[in-house]
Amino acid sequence: MKMILLLLLMLIARVAGVDAQSDVTKLSVTYEVHYLNYAEDDSLSRDIAQLDIGTNTSRYYSKVSEWYNFNPVGKAPYPGTKIKNEEVYKNMPNKGLVTAMHWPYWITTQDSINHLFDWQLVEGDSIVCGYPCHKAQTTFRGRTWTAWYTLDLAYNDGPWKLCGLPGLILHAQDSTRQFIFDCTSIEKGDGHTFSFPASKRIRLVTPEKAEELLLFEAADIEGNNKLLSPGLTRFWVTDKNGRIIKQIPKTAIPYELFHQNHKKKNKTNPRSRKKK
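Report on the accompanying structure. Keep in mind that this is a model prediction, so the values were computed, not measured.

## Thoughts on the side chain of Arg143
Take Arg143: it is sitting in strand S10 (residues 143-150). Within polar-contact distance, the side chain of Arg143 engages the side chain of Asp174 at 2.8 Å. Side-chain polar atoms of Arg143 contact the side chain of Thr176, separated by 3.4 Å. Ignoring anything within four residues of it in the chain, the contact list for Arg143 reads Thr138, Asp174, Thr176, Gln178, Phe179, Ile253, Pro254, Tyr255 and Leu257.

Right under this line is the structure:
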């Protein structure tokens, strides 16, 4: 009997330590996201995002994009929105990591959760979505962020990669106000399962390389398609009448800023740059 009990305890310990591929939603947090997509834009774009928090993991994604995944034909019930093609998993698929994906080319980065953000707790309080919140600030990869978090919801999580505070982040914005996350609703999880996507197309790169590819994607869409999908024979986009839409080069505005990337010419193919 003692031997059986010991084996059961060992099995439980082993299961508890396994990296999570899926989890069950305990809490769902909706954010209205305002962001500057391109430097050439006159105003901020708007997306509706959701943070599903599970037992040990979380998934942050666009609700608009999710709607289209299940309803490819039709108009999403989110007027005036544009999809921010980002998805972030915490402690999934590997414990202790923040995994961020940029679509449509599965550009993926991973960071250790521990000490990812060096938050400074500062004076200030507010009410967000009915919850009393405290203020914190941090500088992370070229941006200074201010966050409002609530101790009433003891989850060290938040929108996008933001995490590491003693309560759930309900509002956050960078100092330039190019990115703003504002919680609009908090609901008890409905118990639905969320999973980390299983795909051989995932391209794991450094955060610096991910920003470089994002800049290149906006500056040269055709070149980006040829670089990341060399098997395609068609690289243009057409309207509903079949006419080719001319792609105008733009300047992407990333979450994370790496100075060395902005010293380069964004129209240059990342594979063709000469090493110095």
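## Structural notes on the pattern of salt bridges
Inspection of every chain in the model, using the stated rule, returns ten salt bridges. With a closest N to O distance of 2.7 Å, Lys161 and Glu256 form a salt bridge. Remark: Glu256 occurs in the loop between strand S16 (244-245) and helix H5 (259-262) and Lys161 occurs in the loop between S10 and strand S11 (168-174); sequence separation between them is 95 residues. Given a relative accessible area of 2%, Lys161 falls into the buried group. The class of Glu256 is buried, set by a relative accessible area of 8%. Each of the salt bridges in this network shares a partner with another, and the network as a whole consists of Asp111, Arg141, Lys161 and Glu256.

## What about the environment of Arg177?
With respect to the helices, strands and loops of the structure, Arg177 is situated in the loop between S11 and strand S12 (179-188). Residue Arg177 is classed as partly exposed on the basis of its relative accessible area of 45%. Spatially, the C-alpha atoms of Arg177 and Leu44 are 9.3 Å apart, while their sequence positions differ by 133 residues. A polar side-chain atom of Arg177 sits 3.1 Å from a polar atom in the side chain of Gln173.

The rules behind each value
- What you see as residue numbers is a count from 1 along each chain, following the sequence as written.
- Restriction of local features to residues with pLDDT of at least 70 applies here, the model being predicted, together with a cutoff of 80 or more for giving and counting side-chain atom pairs; totals for whole chains, interfaces and linings are based on all residues.
- Only hydrogens and water are removed before side-chain values are computed, so all heavy atoms of the structure are retained for them.
- In this text, helices come from DSSP runs of H or I with a minimum length of four residues, and strands from runs of E with a minimum of two, each type numbered from the N-terminal end.
- Nitrogen and oxygen atoms within 3.5 Å of one another constitute a polar contact, given that in protein one can donate a hydrogen and the other can accept it, and given that sequence-neighbouring residues count only through two side-chain atoms.
- Every residue pair with non-hydrogen atoms within 4.5 Å of one another is taken to be in contact.
- Any carboxyl oxygen of Asp or Glu that lies within 4 Å of a side-chain nitrogen of Lys or Arg is treated as forming a salt bridge with it.
- Whether a residue is buried, partly exposed or exposed follows from its accessible area with a 1.4 Å probe, protein chains only, as a fraction of its type maximum: under 20%, in between, or over 50%, in that order.

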